[in-house]
Amino acid sequence: MMQVLPITPRGYCPGVVKAIDIVNKAIENPTLPRPIYILGMIVHNRFVVDDFTQKGVITLNETGKTRLELLDYVKEGTVIITAHGTEDAVFQKIKDKGLTLINATCKDVQKTHDLIKGYLEKKYDILFIGKNHHPETEGALGIDPKIQLIESLEDVLKLSSSDHPIFVTNQTTLSIRDLDKIFALIQTKFPHAVISDEICNSTRIRQEAVLKSNNNIDLCFVVGDPFSHNTASLVKLSKTFTNAITYPIESVDDIRPEQLLGYKTVSVTSGASTPTLITSRVIEYLKQFDETDKSTWVK
Ligand code: SF4
C-alpha cells in the first residue's frame, strides 16, 4: 500500500467560499431580477460552474472576450462579479444598462486595486506583475491604461530606466518563487521603486506547504482546473523546487494506475477553487490503492 500525505492547508480559500456563498444566496433570493448572470467563471473550477448552471445561473465566459465585452450579451437581470474582481468600467456599464449588481470580488483583490488607485493619485508609474488575459490581471490593468504589465524577468529587462516614482504590485495567485525573482530584478533596476507583495495569504500558505512537504515524496497530485492560476502555481513550484514527480489532475478520473506503480509515497494538494469532495475522492482512491491487487485499481 502507498503512504498518502494529504498536504494542509489545501483547497478552498476564504475568497472562494465567500463567492460561492454569494451565488447560492442569489439563487435563493426570489426578489433578484432574473436571469442571474456570472461575468466569467465564478471561481476557476468547471465542477462549481456546472453546478450553478444546473441551478439556472448563466456563466458568461468566452476566450478572448473581456468582462466589458461579455456584458453586451446581457439585456436584463442580475450580474455577479467574480472573486477575481473587475475594472470600474464594468461596474459603470452594469449601472448604465439598468442591471442589478452583485459584487463577489475577493477582499484581497480589492486591496490591490485600492493600492494601485492610491499610488496613481500620487502620480506614480505602476508596474503590475501578472498573467496576461487572466481576469484578475484584466481587472487591475483596467484601472488605468498607463499601468504596465510585467509577466517575466525579460519584461523587466526591457523597461527603460527612469527616476520617476514607481509602484509595483502583483496578481494574488502567482508563484512566490517567481515573484521574488521579478521583485529582486525590479529593485536592482529601480532602487527607488515601492514594492507591495500582494500574494494573498491563502496562496502563500498553500505554496509553502507544498515546498515543505514534497521533498521526500515520490509523487504529488495537484487537484484543480486547467484554468485555475493558483493551481498552476502549485504545480510549477512542486515540479521546479521539490523532488516529487508532480501531476496536475482535475479529478480522480485523471489518475492512471500505471503512474503509481513502484512508488511508495504520494502527496495530494489542491487549488483554492477545487471543491473538497473532488480532492477527497483522490485521497480515498490513493489510500486504498494496492499495486498487487488489481481490484483496487478500478475507480
Ligand atoms: S486565492 Fe486569494 S485572492 Fe484569490 S479568491 Fe482566494 S483568497 Fe482571494
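### As for the nonpolar core
Counting 28 residues, the largest nonpolar core has Val-16, Ala-19, Val-23, Ile-38, Ile-42, Val-43 and Ile-80 as the members making the most contacts within it. Looking at this core, the elements that each hand over two or more residues are α1 (14–28), β2 (36–39), α2 (46–54), β4 (78–81) and α4 (88–96). Among all residues touching Val-16, those that are not within four sequence positions of it are Val-43, Ala-83, Ala-272 and Ser-273. Ile-7, Val-210, Ile-217 and Val-223 belong to the second largest nonpolar core, which has 23 residues in total.

### Structural notes on the domain arrangement of the chain
Splitting the chain by domain gives domain 1 (3–12 + 201–296), domain 2 (14–106) and domain 3 (108–195). Averaged C-alpha coordinates put domain 1 and domain 2 at centres separated by 30 Å. Facing 10 residues of domain 1, the contacting portion of domain 2 comprises 10 residues. Residue classes in the side of domain 1 that touches domain 2 are distributed as five nonpolar, four polar and one charged.

### What to know about the environment of Arg-67
With respect to the helices and strands, the residue Arg-67 is situated in helix α3 (residues 67–70). A sequence separation of 20 residues divides Arg-67 from Glu-87, and the C-alpha atoms of the two residues are 8.6 Å apart. Discounting residues that sit within four places of it in the chain, Arg-67 has contacts with Leu-39, Gly-40, Thr-86, Val-90, Pro-135 and Glu-138.

### Here's the deal with the sheet that holds strand β9 (residues 194–195)
Taken in spatial order, the four strands of this open sheet run β7-β6-β8-β9, and their pairing is parallel. Sheet topology places β7 (148–150) and β9 at the edges, where each strand pairs with a single neighbour. By the bridge criterion, three bridges tie strand β6 (residues 125–129) to β7 in an arrangement that is parallel. Bridge pairing in β7 links Phe-128 to Leu-149. Its contacts with the sheet place helix α5 (residues 107–121) against β6 and β8 (166–170), and it is angled at close to 170 degrees to β8.

### Re unusual backbone geometry
Pro-9 follows Thr-8 through a cis peptide bond whose omega is -5 degrees. Cis geometry marks the peptide bond from Arg-34 to Pro-35, where omega comes out at -5 degrees. Structurally, Pro-35 is set in the loop between α1 and β2. Phi angles above zero are rare outside glycine, and Lys-123 is one such case at about 70 degrees.

### Some words on α5
In this model, α5 (15 residues) spans 21 Å end to end at C-alpha, consistent with the 21 Å of a helix rising 1.5 Å per residue. For α5, the secondary structure elements touched by its buried residues are α1, β6, α6 (135–141) and β8. Lys-123 lies just past α5 and shows a positive phi near 70 degrees.

### What to know about the site of the ligand
Lining the immediate surroundings of the ligand are 15 residues, of which Cys-13, Gly-15, Cys-106, Thr-172 and Cys-200 lie closest. Of all the secondary-structure elements, those providing two or more residues to the shell around the ligand are α1, α5 and α9 (201–213). Among the elements that take part in the shell around the ligand, α1 stands out by supplying three residues, more than any other. Per-class residue counts for the shell around the ligand are eight nonpolar, six polar and one charged.

### Some thoughts on the environment of Asp-290
Among the structural elements, Asp-290 can be located in the segment after α11 (276–288). Put simply, Asp-290 and Leu-260 are 30 residues apart on the chain and 9.4 Å apart in space, counted from C-alpha to C-alpha. The contact partners of Asp-290, leaving out residues within four places of it in the chain, are Met-1 and Thr-296.

### A look at α1
Relative to the 21 Å expected for 15 residues at 1.5 Å per residue, α1 spans 21 Å between its end C-alpha atoms, a close match to the ideal helical length. The set of residues buried in α1 consists of Gly-15, Val-16, Ala-19, Ile-20 and Val-23. Down the axis of α1, the buried side of the element spans an arc of 130 degrees, and every buried residue falls inside it. Exposed and oriented more than 90 degrees from the buried face of α1 are Asp-21, Lys-25 and Glu-28. Its buried side turned inward, α1 meets β2, α2, β4 and α5.

### Quick notes on the sheet that holds strand β10 (residues 219–223)
A sheet is described by the order of its strands in space; here four strands give the open sequence β1-β12-β10-β11, paired in parallel fashion. Bordering the open sheet on either side are β1 (3–6) and β11 (245–249), each of which pairs with just one other strand. Taken over all neighbouring pairs, the strand axes of this sheet differ in orientation by 20 degrees on average, direction set aside. Inspection of the sheet shows β1 paired to strand β12 (residues 265–270) by four bridges, in the parallel sense. Within β12, the position partnered with Leu-5 by the bridge is Ser-267.

Definitions and limits used
Residues numbered from 1 in each chain as written. Predicted model: local features only at pLDDT ≥ 70, side-chain atom pairs only at ≥ 80, totals over all residues. Core = buried A, V, L, I, M, F, W, Y, C linked by C-beta atoms within 7 Å. Buried ≥ 20, exposed ≤ 12 C-beta atoms within 10 Å, placed from the backbone. Helix = DSSP H or I, 4+ residues; strand = E, 2+ residues; numbered from the N terminus. Contact = placed C-beta atoms within 7 Å. Domains from an automatic or database assignment. Nonpolar A, V, L, I, M, F, W, Y, C, P; charged D, E, K, R; others polar. Pairing = 2+ DSSP bridges. Axes fitted to C-alpha atoms, helices over the stretch in contact; angles between N-to-C directions. Expected span 1.5 Å × (residues − 1). Near = placed C-beta within 6 Å. Arc of directions from axis to C-beta.

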